[in-house]
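Here is what each chain is made of, one letter per residue.
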Amino acid sequence: MTMRLCLSGVGKTFTMHLQGGVAIPVLHGVELAVAEGECVALTGPSGAGKSTVLRMIYGNYVTDEGQILVVDGERIVDMAAAAPRRVLDLRRRTISYVSQFLRAVPRVAAIDVVSEPLRALGTSAADARDRAATLLQRLNLPERLWTLPPATFSGGEQQRVNIARGLIAEHPILILDEPTASLDAQNRDVVVELINERKKAGVAMLGIFHDADVRDAVCDRSVDIRAFA
Amino acid sequence: MPHHTSLDNDTPLLRASGVSRFYGSRIGCHDVSFELWPGEVLAIVGESGSGKTTLLNCLSGRLTPTAGVVEYRMRDGTVRGIFSMSEAERRFLARTDWGFVHQDARDGLRMTVSAGGNVGERLMAVGARNYGAIRGEALDWLERVEIAADRVDDRPDTFSGGMRQRLQIARNLVTGPRLVFMDEPTSGLDVSVQARLLDLLRGLVADLGLAAIVVTHDLAVARMISHRLMVMRGGEVIETGLTDQVLDDPRSAYAQLLVASVLQP
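The present account deals with the structure reproduced in this document.

Procedures and definitions
- Residue numbers restart at each chain and count upward from 1, following the sequence in its written direction.
- Labels are handed out in written order, letters beginning with A for the chains and numbers beginning with 1 for the ligands.
- Whole-chain, interface and lining totals are the exception, using all residues; otherwise, since this is a predicted model, local features are given only for residues with pLDDT of at least 70 and side-chain atom pairs are given and counted only at 80 or more.
- With hydrogens and water stripped out, all remaining heavy atoms of the structure feed into the side-chain values.
- Each helix corresponds to a stretch of at least 4 residues labelled H or I by DSSP, and each strand to a stretch of at least 2 residues labelled E; elements are numbered beginning at the N terminus.
- Radius of gyration: over C-alpha atoms. The globule rule applied is 2.2 Å multiplied by the number of residues raised to the 0.38 power.
- Any residue under 20% of the maximum accessible area for its type is buried, any over 50% is exposed, and the rest in between are partly exposed; the area is computed with a 1.4 Å probe on protein chains only.
- Pairs of residues are marked as contacts when any of their non-hydrogen atoms sit within 4.5 Å.
- His is not counted, nor are the chain ends; Lys and Arg add positive charge and Asp and Glu add negative charge.
- Charge positions come from single atoms, namely NZ of Lys, CZ of Arg, CG of Asp or CD of Glu.
- Between 30 and 60 degrees the pair is tilted, below 30 it is stacked and above 60 it is edge-to-face, where a pair is any two Phe, Tyr or Trp rings, Trp via its six-membered ring, whose centres lie within 6.5 Å.
- Here, a charge over a ring means that NZ of Lys or CZ of Arg falls within 6 Å of the ring centre while also lying within 35 degrees of the ring normal.

On to the overall build of chain A. Summing up its helical and strand segments, chain A has 7 helices and 9 strands in all. At 18 Å, chain A has a C-alpha radius of gyration in line with the 17 Å of a compact globule built from 229 residues. For chain A, the spread of C-alpha atoms along the principal axes amounts to about 50 × 35 × 35 Å. The 229 residues of chain A split such that 53% are buried. Across chain A, contacts joining residues at least 24 apart in sequence account for 68% of those joining residues at least 6 apart. Mean positive and mean negative side-chain charge positions of chain A (26 and 27 charges, respectively) differ by 5 Å.

Laid out in structure tokens, this is it:
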């Protein structure tokens, strides 16, 4: 098994300056590795730091301690220490993150929100839209919504746009924060299918899945975050 | 973005080292250092008086720093200190390879010249002489910034605020600059007009692979158009990093206060 992602000694403390500088240690000594074609679930109660781990891996949160090693072709990059433009480059080519909520950009149509990661890799607008259309179709997003900005969509519709955006560029590492939380059973099954296809294609995945059925259907093993409190 | 270039063997487009500007004993900006690469958009945020506009003016050669160096990589690959070149060279650079989008479009446009003339004038400044080609290019750019072709002969003083700002952007981008400075480009506009302009800017910056330095007091604007963020206060850089990282995990007391003070609709 080829390792794709490896966390070692990772720790995080939030310092709340607006509350008199109180320091809240959230995580300490996180050890975790994800191999090619493997899907690992992070488990534990709310507030234990599951999303924090995902955000540190994506470079969205600062990592205070330890290393987050990402295999990027021939190179290994430590996300915890990487310069901003290195992080941006990895997000463009190597690592995708499906967050719980879509941060919609005004005026941009759903299909273009989904196409954007492919466009950023140099794919033509027409080809990127074709790929986006295929994904949105599979995710049962009504075609009449494709040309509308997703800001006014329902939670479930926004989540499907978000999933399509996270999957379209077929990056080798995928981070998933409750990808099925707002979906009905039918669409949940589609997402499970898509995730399993990506696993077969060798994508390394780490995610939070509160739905036990989804977790059982896609994950190879679980890591309880409370081990690193 | 220059997606296909390797990160390892390129050099920054602009490098600021220890840039300071004092007004007598008062600090405009103090000891600012950073590097900007092609295709990157850097937002400088802070409240009024934080020194962000002073810094922007120093970086763009409009104001001479009291101390420090601003270096720019020219099209031929040589790196030049922008304050060690002659005034004429610096002005040529500003006219050709740089753009400057002012908060008030009246500072960046000639209000008594037609829209087409405003765009064509920049082209003529870089040596274009063929009237048909200039007009064609101007029309093309007006279309890209969503100004109808039948307004090309109208003067910008007949335009709305949003249209003027879009015209100012066309005037700046027509010469194919590699770096654009923007000073509060969307403030003073209605929210819907602002969204349209931001969307347009985002698209142009990505399509053209431009580097940009954008001064704004609006964190939502910074989130939408920038890759990197620099938070300033009292002339000092308080915090810097990836835009989403600084906004979602601010480290300093001041950045935490700024982020916590944003009204959510």
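Structure's up, so let's keep going.
Let's shift gears to the packing of aromatic side chains. What the rule picks out here adds up to 5 aromatic pairs over all chains. For the pair Phe 14 of chain A and Tyr 61 of chain A, a centre-to-centre distance of 5.6 Å together with 85 degrees between the ring planes defines the contact as edge-to-face. With a gap of 47 residues between them, Phe 14 of chain A in strand E1 (residues 3–16) and Tyr 61 of chain A in the loop between helix H1 (50–58) and strand E4 (65–72) connect regions that are remote in the sequence. When its relative accessible area of 15% is taken as the criterion, Tyr 61 of chain A is described as buried. When the ring centre of Phe 100 of chain B is taken as reference, the NZ or CZ atom of Arg 62 of chain B above it lies at 4.1 Å. Looking at Arg 144 of chain B, its charged tip hangs above the ring of Trp 141 of chain B, at a distance of 4.5 Å from the centre.

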